[in-house]
Amino acid sequence: MEARRKNIRNLLRILDQLPEKITNFRSRYQQKIFLFLFFVVLSTIFWVIRSLSEEYEAEILYPVKYDGMPENKVLVSEPTDRLRLRVKAVGRTILSRKFSYFLRPLKFNVNSYSLNTIGTDSSYILTKTAREALSQELGNIQILNIKPDTLFFRFTEMITKKVGIKHNIVGFPKIFEKQYMFNGEISYVPDSIIVSGP
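Anyway, here's the lowdown on the structure attached to this text.

Criteria and thresholds
Residues numbered from 1 in each chain as written. Predicted model: local features only at pLDDT ≥ 70, side-chain atom pairs only at ≥ 80, totals over all residues. Heavy atoms only, no water. Helix = DSSP H or I, 4+ residues; strand = E, 2+ residues; numbered from the N terminus. Rg over C-alpha atoms; globule rule 2.2 N^0.38 Å. Buried < 20%, exposed > 50% of the residue type's maximum accessible area, 1.4 Å probe, protein only. Contact = heavy atoms within 4.5 Å. Arc of directions from axis to C-beta. Pairing = 2+ DSSP bridges. Axes fitted to C-alpha atoms, helices over the stretch in contact; angles between N-to-C directions. Phe/Tyr/Trp six-rings, centres within 6.5 Å; stacked < 30°, edge-to-face > 60°. Core = buried A, V, L, I, M, F, W, Y, C linked by side-chain atoms within 4.5 Å. Patch = residues over 30% accessible without salt bridge, like charges linked within 9 Å, V, L, I, M, F, W, Y side chains within 5 Å. Areas by Shrake-Rupley, 256 points an atom, 1.4 Å probe, with all protein chains shown as cover. Salt bridge = Lys/Arg side-chain N within 4 Å of Asp/Glu carboxyl O.

Turning to the overall build of the protein, a few remarks are in order. Secondary structure assignment for the protein yields 3 helices and 10 strands. Since a compact globule built from 198 residues should have a radius of gyration of about 16 Å, the 37 Å found for the protein marks it as more spread out than a globular shape. Dimensions of the protein, computed from C-alpha atoms along their principal axes, come out at roughly 125 × 60 × 35 Å. The burial tally for the protein puts 20% of its 198 residues in the buried class. Here the contacts in the protein between residues at least 6 apart in sequence split such that 75% fall between residues at least 24 apart.

Next up, the structure:
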């Protein structure tokens, strides 16, 4: 029983001295702790820089802009506006492309690829045939894979028609002030326009 009381007194004495010991420890080692944390942060920065200079593989969602449609054809359906690219490049390049909100869209010239036809108005391009050209446009990024693997296009014939211009003025005499009137016929320049569309 006496030993138990002695242990409790020792414990209470240690707990009473604890705030003083913490204060002494903090004042004695505070500078060393800050110095240690500084070097931990510095080494982490160097590690990140070194890691980003190595090559990695990653997926990037990239915007695409289609141009160079076949002559006398109009695109009826909207093809996909983003391609999911599996790429291989230096870490910082992938990081900058992956988290950039202002990516310049890849230009996809539809005429430069052979269009495979399905029926009368549908065509498709296999994206693996475009991989090398798109890699050149991206510069220092190598494209390993492109999703979707097929781009579908629906075209219709472009029709051109010459339409004459006629006036559509209702209540023609009412558009003039009192004591004014129109003399002659209304003429238009040009007398017609060319309209194109599907």
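A word on helix 2 (residues 91-98). The set of residues buried in helix 2 consists of G91, T93 and I94. Buried residues of helix 2, seen end-on, are gathered within an arc of 165° and therefore sit on one face of the element.

Strands sit in the order 4-1-3-7 across an open sheet of 4 strands; the sheet is mixed. Of all the strands in the sheet, just strand 4 (106-109) and strand 7 (142-147) have a single pairing partner and so form its edges. Strand-to-strand twist of the sheet, defined as the mean angle between neighbouring strand axes without regard to direction, takes the value 40°. Pairing between strand 3 (residues 82-90) and strand 7: 5 bridges, direction antiparallel. Across the sheet, L85 pairs through a bridge with I146, a residue of strand 7. Running over the sheet, helix 3 (residues 131-138) touches strand 1 (55-67), strand 3, strand 4 and strand 7 and is turned about 125° from strand 7.

A few words on the packing of aromatic side chains. Scanning the entire structure with this criterion turns up 4 aromatic pairs. A centroid spacing of 6.1 Å and a plane angle of 50° characterise the contact between Y124 and F152, whose relative ring orientation is tilted. Linking Y124 in strand 6 (residues 122-126) with F152 in strand 8 (residues 150-157), this pair joins segments that are 28 residues apart in sequence. Among the aromatic residues, those joined into a ring-pair cluster are Y66, F153 and F155.

Looking now at the nonpolar core. Counting 25 residues, the largest nonpolar core has L85, F108 and L134 as its most contacted members. Sorting the residues of this core by element identifies strand 1, strand 3, strand 4, helix 3, strand 7 and strand 8 as the ones contributing at least two each. When residues in this core are grouped by element, the largest group, 5 residues, is from strand 1.

Spatial strand order, 2-8-6-5: 4 strands in an open sheet with antiparallel pairing. Looking at which strands have only one partner, the edges of the open sheet turn out to be strand 2 (73-75) and strand 5 (116-118). Strand-to-strand twist in this sheet, taken as the mean axis angle between neighbours without regard to direction, amounts to 40°.

The next point concerns unusual backbone geometry. The omega torsion across K147 and P148 is 0°, close enough to zero to call that bond cis. Take P148: it is sitting in the loop between strand 7 and strand 8.

Right, let's get into a nonpolar patch on the surface. Residues I8, L11, L12, L15, L18 and I22 make up a contiguous nonpolar surface patch of about 560 Å² in total accessible area. With respect to the secondary-structure elements, I22 resides in helix 1 (residues 2-52).

Applying the stated criterion across every chain yields a total of 5 salt bridges. Linking K88 and E55 is a salt bridge whose minimum nitrogen-to-oxygen distance equals 3.9 Å. On the criterion of sequence distance, the pair formed by K88 in strand 3 and E55 in strand 1 is long-range, its members being 33 residues apart. A relative accessible area of 30% means that K88 is categorised as partly exposed. Look at E55 and you get exposed, because its relative accessible area is 53%. As a salt-bridge pair, E59 and R84 come within 3.5 Å of each other at their nearest N and O atoms. One end of the pair, E59, is in strand 1; the other, R84, is in strand 3, and 25 residues separate them in sequence. On the basis of relative accessible area, R84 is assigned to the partly exposed category, the value being 37%. Connected through shared salt-bridge partners, E59, R84 and K147 make up one network.

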